[in-house]
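Next come the chains, spelled out residue by residue.
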Amino acid sequence: MRESLLTIPVNEVFEPKEGCPFCRMRDTVENHICEYIMGAAMMEPDVRTETNALGFCHRHYNNLLGQKNRLSLGLMLNSHLEKVRGEIFTKKGILDALKKDKRTSSAAKYDRTCFVCSKVEWGMNHMVKTFFALFRDEDYFKTLFGEQEFICMPHYAWIRGISPDFLKKGAELSTFLNALDELVGNYAAELNRDVGEFCDSFDYRNARKLHTPEMEHVRSSVNRSIYFLTGRPPNQER
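What comes next is a walk through the structure.

Conventions and cut-offs
- Residues numbered from 1 in each chain as written.
- Predicted model: local features only at pLDDT ≥ 70, side-chain atom pairs only at ≥ 80, totals over all residues.
- Heavy atoms only, no water.
- 1 Å grid on protein atoms, 1.4 Å probe; cavity = no way out; pocket = protein on both sides within 12 Å on 5 of 7 lines; lining within 4 Å.
- Points joined across faces, edges and corners; volume = space filled by probe spheres on them.
- Helix = DSSP H or I, 4+ residues; strand = E, 2+ residues; numbered from the N terminus.
- Core = buried A, V, L, I, M, F, W, Y, C linked by side-chain atoms within 4.5 Å.
- Buried < 20%, exposed > 50% of the residue type's maximum accessible area, 1.4 Å probe, protein only.
- Contact = heavy atoms within 4.5 Å.
- Phe/Tyr/Trp six-rings, centres within 6.5 Å; stacked < 30°, edge-to-face > 60°.
- Lys NZ or Arg CZ within 6 Å of the ring centre and 35° of its normal.

### Notes on empty space enclosed by the protein
Over the atoms a probe the size of a water molecule is rolled, and this reveals where empty space is left.
Logical step 1: Counted according to the given criterion, the structure contains 1 cavity of 30 Å³ or more.
Logical step 2: As a volume, the largest cavity reaches approximately 40 Å³.
Logical step 3: Lining the largest cavity are Thr51, Gly55, Phe56, Tyr61, Leu73, Met76, Leu77 and His80.
Logical step 4: Ranked by residues supplied to the lining of the largest cavity, first place goes to helix α5 (residues 70–89) with 4 residues.

Below, the structure is given as structure tokens:
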């Protein structure tokens, strides 16, 4: 497959061989969307209609605050709050008294929707098509995939679940699943050993052993395990 605008971003997230490549893919899309929404797109009617309706999750409000453009965020918040008020608090009708849960259900949905999350999902779904095409057609990419440090559990479950939609049943799918299971299984076993050694280091017989330079992989094992299991380093908001 010739390098193109589709393959370059996928190759770039797999080249570092550090952490989970699908987390890097997500973070890349996430950052682009946040930059986009805080720029000129903020005033596009179609975009504002969506942000008014969906709002943002806690993580992505933090991302938008990090863009250092509070006026753009303030304008979006103002129109989103108007939408919330209009839908939940100012609508009155003859049937409202009979629909006791109407306001509850309307309010609850705003905790489950996020403009950035919806666009990240869309972007990831497009990039993953190129990922599977590269794995299927390019030997160098199979090697690159096998050299990754790990795939986090949320992305392992996601990529494993959708793989039959992109790869033919039989050798093609089996090759991918075997490579995926080996990569993730080996890392899970490594983490298990390292966390076990971390726990053992608190035994008085192993006093001060944890603080030696060669024990860095053990000292970091708790944080690495959280990243592996959740798809986010422990110092990041979900």
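### Focus: the nonpolar core
Logical step 1: Membership of the largest hydrophobic core comes to 50 residues, with the highest contact counts inside it found for Phe14, Phe131, Phe145, Ile151, Ile159 and Phe176.
Logical step 2: Broken down by secondary-structure element, the contributors of at least two residues to this core are α1 (7–14), α2 (21–37), α5, α7 (115–137), α8 (139–146), α9 (153–162), α10 (171–200) and α12 (221–230).
Logical step 3: When residues of this core are assigned to their parent elements, the largest contribution, 10 residues, is made by α7.
Logical step 4: Apart from the residues lying within four places of it in its own chain, the contact partners of Phe14 are Pro21, Phe22, Arg24, Met25, Phe131, Phe141, Leu144, Phe145 and Gln148.

### Points about the packing of aromatic side chains
Logical step 1: Tallied over the full model, the rule gives 22 aromatic pairs.
Logical step 2: Here Phe132 and Phe176 contribute two aromatic rings whose centre-to-centre distance is 5.3 Å and whose plane-to-plane angle is 70°, an arrangement assigned as edge-to-face. Taken as a pair, Phe132 in helix α7 and Phe176 in helix α10 lie far apart in primary sequence, 44 residues in all. One exposure class covers both Phe132 and Phe176, and it is buried.
Logical step 3: Between Phe145 and Phe176, the aromatic rings sit 5.7 Å apart at their centres with planes inclined by 40°, giving tilted as the arrangement. One end of the pair, Phe145, is in helix α8; the other, Phe176, is in helix α10, with 31 residues separating them in the sequence.
Logical step 4: Three or more aromatic residues joined by ring pairs form one cluster here, namely Phe14, Phe22, Phe131, Phe132, Phe135, Tyr140, Phe141, Phe145, Trp158, Phe166 and Phe176.
Logical step 5: Taking the ring centre of Tyr110 as reference, the NZ or CZ of Lys109 above it sits at 5.4 Å.
Logical step 6: Over the face of the ring belonging to Phe135 we find Lys142, whose NZ or CZ atom lies 5.5 Å from the ring centre.

Limitation: the analysis is restricted to geometry and does not speak to function.
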